[in-house]
Amino acid sequence: MKIYVASSWRNAHQPLVVESIAEWGFEVYDFRNPPHGKGGFAWSQIDPDWQRWTPSQWRDALDHELARDGYASDLGGMEWADACVLVLPSGRSSHLEAGWMAGRGKPVCVFAPEPVEPDLMVKLCDEVAVNYTELRDVLDLWRYAPPSREGPNSTPAGRCSSRVGRRIIWG
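Within each chain, residue numbers correspond to sequence positions counted from 1 in written order. Totals for whole chains, interfaces and linings use all residues, but because this is a predicted model, local features are given only for residues with pLDDT of at least 70 and pairs of side-chain atoms are given and counted only at 80 or more. The side-chain quantities take in all heavy atoms of the structure and omit both hydrogens and water.

### Re helix α5 (residues 132-144)
Three- or four-residue spacings in an α-helix give side chains the same orientation, since the helix completes a turn every 3.6 residues. Taking 1.5 Å per residue, 13 residues should reach 18 Å; α5 reaches 19 Å between its end C-alpha atoms and fits that length. Among the residues of α5, those classed as buried are Glu-134, Leu-135, Val-138, Leu-139 and Trp-142. End-on view of α5: buried residues confined to an arc of 130°, all on one side of the axis. Among the exposed residues of α5, those pointing more than 90 degrees away from its buried face are Thr-133 and Tyr-144. Residue contacts are defined here by distance: any two heavy atoms, one from each residue, within 4.5 Å place the two residues in contact. Elements are defined by DSSP. Helices are runs of H or I of four residues or more, strands are runs of E of two residues or more, and each kind is numbered from the N terminus. Where the residues of α5 are buried, they touch β1 (2-6), α1 (14-23), β3 (83-87), β4 (108-111) and β5 (127-129). Any pair of nitrogen or oxygen atoms within 3.5 Å is treated as a polar contact; in protein, a donor-acceptor pairing is required on top of that, and neighbouring residues in sequence qualify only through side-chain atoms on both sides. With a side-chain oxygen lying 3.1 Å from the backbone nitrogen of Thr-133, the N-terminal cap of α5 falls on Asn-131. Helix span, expected: 1.5 Å multiplied by one less than the number of residues in the helix. Only protein chains enter the accessibility calculation, which uses a 1.4 Å probe; a residue whose area is less than 20% of its type maximum is buried, one above 50% is exposed, and one in between is partly exposed. Note that the arc is computed from the directions linking the helix axis to the C-beta atoms.

### Topic: the packing of α1 against α5
Note on method: axes are straight lines fitted to C-alpha atoms, helices fitted across the in-contact stretch only, with angles between N-to-C directions ranging 0 to 180 degrees. Two numbers describe how α1 lies on α5: the axes approach to 11 Å, and their chain directions differ by 45°. Classified by the angle between their axes, α1 and α5 sit oblique to one another. Remark: the crossing between α1 and α5 carries right-handed chirality. Across the interface between the two elements, Leu-16, Val-17, Ser-20 and Ile-21 from α1 touch Tyr-132, Leu-135 and Leu-139 from α5. Looking at the contact of α1 with α5, its residues break down into 6 nonpolar, 1 polar and no charged. These descriptions rest on fixed angle ranges, namely under 35 degrees for roughly parallel, over 145 for roughly antiparallel, 65 to 115 for roughly perpendicular, and the rest for oblique. Note: crossing handedness is left-handed where the near helix turns anticlockwise from the far helix by less than a right angle, and right-handed where it turns clockwise. All residues other than Ala, Val, Leu, Ile, Met, Phe, Trp, Tyr, Cys, Pro, Asp, Glu, Lys and Arg, Gly among them, are scored as polar; the first ten of these are nonpolar and the last four charged.

### Quick look at the layout of surface pockets
In the cavity and pocket records, a cavity denotes points on a 1 Å grid over the protein atoms alone where a 1.4 Å probe fits but cannot get out, a pocket denotes an open set with protein on both sides within 12 Å along at least 5 of 7 lines, and lining residues are residues with an atom within 4 Å of a point. Grid points are joined across faces, edges and corners, and a volume is the space filled by probe spheres set on the points. Estimates place the volume of the largest pocket at around 1200 Å³. Every residue lining the largest pocket is counted, 28 residues in all, and those nearest its centre are Phe-41, Trp-43, Arg-92, Ser-93 and Ser-94. Ranked by the residues each element gives to the lining of the largest pocket, the list is headed by helix α3 (residues 65-80), at 7 residues.

### Focus on unusual backbone geometry
With glycine set apart, most residues show a phi of negative sign, and most peptide bonds adopt trans. With an omega of -5°, the peptide bond running from Leu-88 to Pro-89 counts as cis. Structurally, the position occupied by Pro-89 is in the loop between β3 and α4 (92-103).

### Considerations on α4
Compared with an ideal rise of 1.5 Å per residue, which puts 12 residues at 16 Å, α4 spans 16 Å between its outermost C-alpha atoms and is within 8% of the ideal. Those residues of α4 not exposed but buried are Ser-94, Glu-97, Ala-98 and Met-101. Across the axial projection of α4, the buried residues extend over an arc of 95°, all falling on one side. Looking at α4, the residues exposed on the side facing more than 90 degrees away from the buried face are Arg-92, Leu-96 and Gly-103. Where α4 is buried, its residues contact β1, α3, β3 and β4. After α4 finishes, the residue Gly-105 shows a positive phi value of roughly 80°.

Given below as structure tokens:
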């Protein structure tokens, strides 16, 4: 099974999550070290002062060659992957990635290894894991029995369950 790890450059857990998932025998897309070998995209590659951009500067930068290449790399990773792990805390891009994956019918596990602000819409995802043991259990389960996309459990509220360890029961 191929896993897309969606997270933030600022998330200190991301490297260990990628390493752990690979050690558990899964293929992993790591946005910090994508397979093309050029390193992951960062706005600072376009402009070191990117955090002071106006909305129009940000919009214009979306068409920069480096931004186009970074987008193509990450989108390719999402298309390649069978499932997604959203590592919290994270930002807007990683939440868009997880939403895209869920919308494509690919299972999404929200991984919250530290306290985060509660969010209702994680109910769109298949599982919430709060430690590495639960994350591994979820991925191992998906390896052999991916969440159903048809029948009574075809909605996210029906898919999220207590199948693995102590889980939030959605519905």
